[in-house]
Amino acid sequence: QVQFVESGGGLVQAGGSLRLSCAASGVTVSINAMGWYRRAPGKQRELVAALSSSGSTNYADSVKGRFTISRDSAKNTMYLQMNSLKAEDTAVYYCNRVPGAYAYWGQGTQVTVSS
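The structure displayed is predicted, hence computed values, not measured ones. (Residues numbered from 1 in each chain as written. Predicted model: local features only at pLDDT ≥ 70, side-chain atom pairs only at ≥ 80, totals over all residues. Heavy atoms only, no water.)

Novice: Hey, could you go over the pairing of strand β10 (residues 109-114) for me, with residue numbers and the actual values?
Specialist: On a regular strand, one side chain projects to one face of the sheet and the next to the other, so that they alternate. With burial as the criterion, only one face of β10 is covered, namely that bearing T109, V111 and V113; the residues Q110, T112 and S114 on the opposite face remain uncovered. Alignment of strand β2 (residues 10-13) against β10, held across 4 bridges, turns out to be parallel. Paired with V12 across the two strands is V113, which belongs to β10. Where strand β9 (residues 91-97) lies against β10, 3 bridges are found, and the strand directions are antiparallel. Bridge pairing in β10 places Y93 opposite T109. (Buried < 20%, exposed > 50% of the residue type's maximum accessible area, 1.4 Å probe, protein only. Helix = DSSP H or I, 4+ residues; strand = E, 2+ residues; numbered from the N terminus. Pairing = 2+ DSSP bridges.)

Novice: Can you break down the sheet that holds strand β3 (residues 18-25) residue by residue, with the values?
Specialist: Read across the sheet, 4 strands follow the order β1-β3-β8-β7 without closing on themselves; strand pairing throughout is antiparallel. Each end of this open sheet is capped by a strand with a single partner; those strands are β1 (3-7) and β7 (67-72). Adjacent strand axes in the sheet meet at a mean angle of 15 degrees, parallel and antiparallel pairs treated alike. In the sheet, β1 pairs with β3 via 5 bridges, with the strands oriented antiparallel. What sits directly across from F4, in β3, is A24. (Axes fitted to C-alpha atoms, helices over the stretch in contact; angles between N-to-C directions.)

Set out below in structure tokens:
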């Protein structure tokens, strides 16, 4: 079955960087469009970055120029490099397929940015 294990979150000061990882099983990240989502306190889950099977990327306006999505096909793992972090980036981050996310969601990884 599909499983995602996100990691790499933490507490960072505004302006800092983090690199998130998502180890996937039951789904091949290189042949599926995959994305990073986040859910901030009191808000709905939103898609912030997507990577197609062909390698094209899309980003939410709020993270464009600061976040970079990538994958390691050999490790079947997704990454999200986050630079110039802002307080409004504070959220739990998840990976899943795009579009048509699987019903299963991993536990996510908490990112907290202090201002």
